[in-house]
Amino acid sequence: MKSTVASKWIRGPNDELAIHQGCWFDEHAAEKPIRFIEGFCKQSKDPWAGKPLILQDWQKDFNRRKYGWKRADGSRRFRSWYCEVPKKNGKSTWISGEKLNNLVADDESGAEIYLAAYTLGQARIVFDEAASMVRFSPNLSKVLKGGPSTKHIIYPAKQGKIVALSADVPSKDGVNASDVTFDELHR
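Attention here is on the structure that accompanies the text.

Definitions and cut-offs
- All residue numbers refer to position in the chain's written sequence, counted from 1.
- Given that the model is predicted, a residue must reach a pLDDT of at least 70 before its local features are reported, and side-chain atom pairs must reach 80 or more before they are shown or counted; all residues, however, enter totals for whole chains, interfaces and linings.
- Only hydrogens and water are set aside; all other atoms, that is, all heavy atoms of the structure, feed into the side-chain values.
- Under the DSSP-based scheme used, a helix requires at least four consecutive residues in state H or I and a strand at least two consecutive residues in state E, with every element numbered from the N terminus.
- We call two N or O atoms a polar contact when they sit within 3.5 Å, provided that within protein one can donate a hydrogen and the other can accept it, with sequence-adjacent residues counted only if both atoms are side-chain atoms.
- In this description, contact between two residues means that some pair of their heavy atoms is separated by no more than 4.5 Å.
- In short, DSSP must find at least two bridges between two strands for them to pair.
- Axes here refer to lines fitted to C-alpha atoms; in helices the fit is confined to the stretch in contact. Angles between the N-to-C directions go from 0 to 180 degrees.
- Multiplying one less than the number of residues by 1.5 Å gives the expected span of a helix.
- Only protein chains enter the accessibility calculation, which uses a 1.4 Å probe; a residue is then buried when its area is under 20% of its type maximum, exposed when over 50%, and partly exposed in between.
- In this description, a disulfide is simply a cysteine sulfur pair whose atoms lie within 2.5 Å.

Side note on the side chain of Asp 179
Among the secondary structure elements, Asp 179 is positioned in strand E7 (residues 179-182). Polar contacts involving the side chain of Asp 179 include one to the side chain of Lys 99, which spans 3.0 Å. A polar contact is formed between the side chain of Asp 179 and the side chain of Asn 102, at a distance of 2.5 Å. Those residues in contact with Asp 179 that lie beyond four places of it in its chain are Lys 99, Asn 102, Glu 112, Ile 113 and Tyr 114.

This is the structure in structure tokens:
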């Protein structure tokens, strides 16, 4: 359902141009990933292990803009995005929750979500955090299978998966990505 875009979502000429081109802001879609992450994703490291993941305001704002803005046809306005976050600011935890949201709550059949980095060890940081979130969440562990030992997180109900990839693996043939996150892109 289209609505008038609240001024808080119009942050510059690009947003104004987007509205002129038929884009609009969906408040429900903007809140959906936040509700998923905070409702289903659990912290995995002490002293917060097992407690709900509560996003910081800047993370919520970023997700709202990313998921809330729609094109005239109802698809997401933003199909790629870039975010730099200094170390020890919750990036891996936030992205892990977001990727689990995209696997389960996006309602896409056969979703292929890839976590890419220069080395497999770096790519596995976000993957392992997502796998830990599944283990700590009774709701997610009922619908998702796999984890670090299988190197995949599988969503059998929709034939979707999350996989870690790296530049040091010789071939990525057969990848049909619906969502790719590049960690440490500068490397």
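Concerning the sheet that holds strand E3 (residues 112-117)
Read across the sheet, five strands follow the order E4-E5-E6-E3-E7 without closing on themselves; strand pairing throughout is mixed. Strands with a single pairing partner mark the edges of an open sheet, and in this sheet they are strand E4 (145-147) and E7. Neighbour to neighbour, the strand axes of the sheet diverge by 15° on average, direction disregarded. Both E3 and E7 contribute to a ladder of four bridges, which runs parallel. Of the residues in E7, the one forming a bridge with Ala 116 is Phe 182. The strands touched by helix H4 (residues 91-104) are E3, strand E5 (152-155), strand E6 (160-166) and E7; relative to E6, the strand with the most contacts, the crossing angle is about 140°. Packed on one face of the sheet, helix H5 (residues 120-136) meets E3, E4, E5 and E6 and runs near 155° to E6.

Some thoughts on helix H2 (residues 27-40)
An ideal rise of 1.5 Å per residue puts 20 Å on 14 residues; H2 measures up with 20 Å between its terminal C-alpha atoms. All of the buried residues along H2 are Ala 29, Ala 30, Pro 33, Ile 34, Phe 36 and Ile 37. Lining the buried residues of H2 we find strand E1 (24-25), helix H3 (57-68), strand E2 (69-70), H4 and helix H6 (138-143). Measuring from the backbone nitrogen of His 28 back to the side-chain oxygen at the start of H2 gives 3.0 Å, which picks out Asp 26 as the cap.

Topic: the state of the cysteines
Applying the stated criterion across every chain yields a total of zero disulfides. Looking at Cys 83, it has no disulfide partner, and the nearest cysteine sulfur is the one in Cys 41, 18 Å off. When its relative accessible area of 25% is taken as the criterion, Cys 83 is described as partly exposed.

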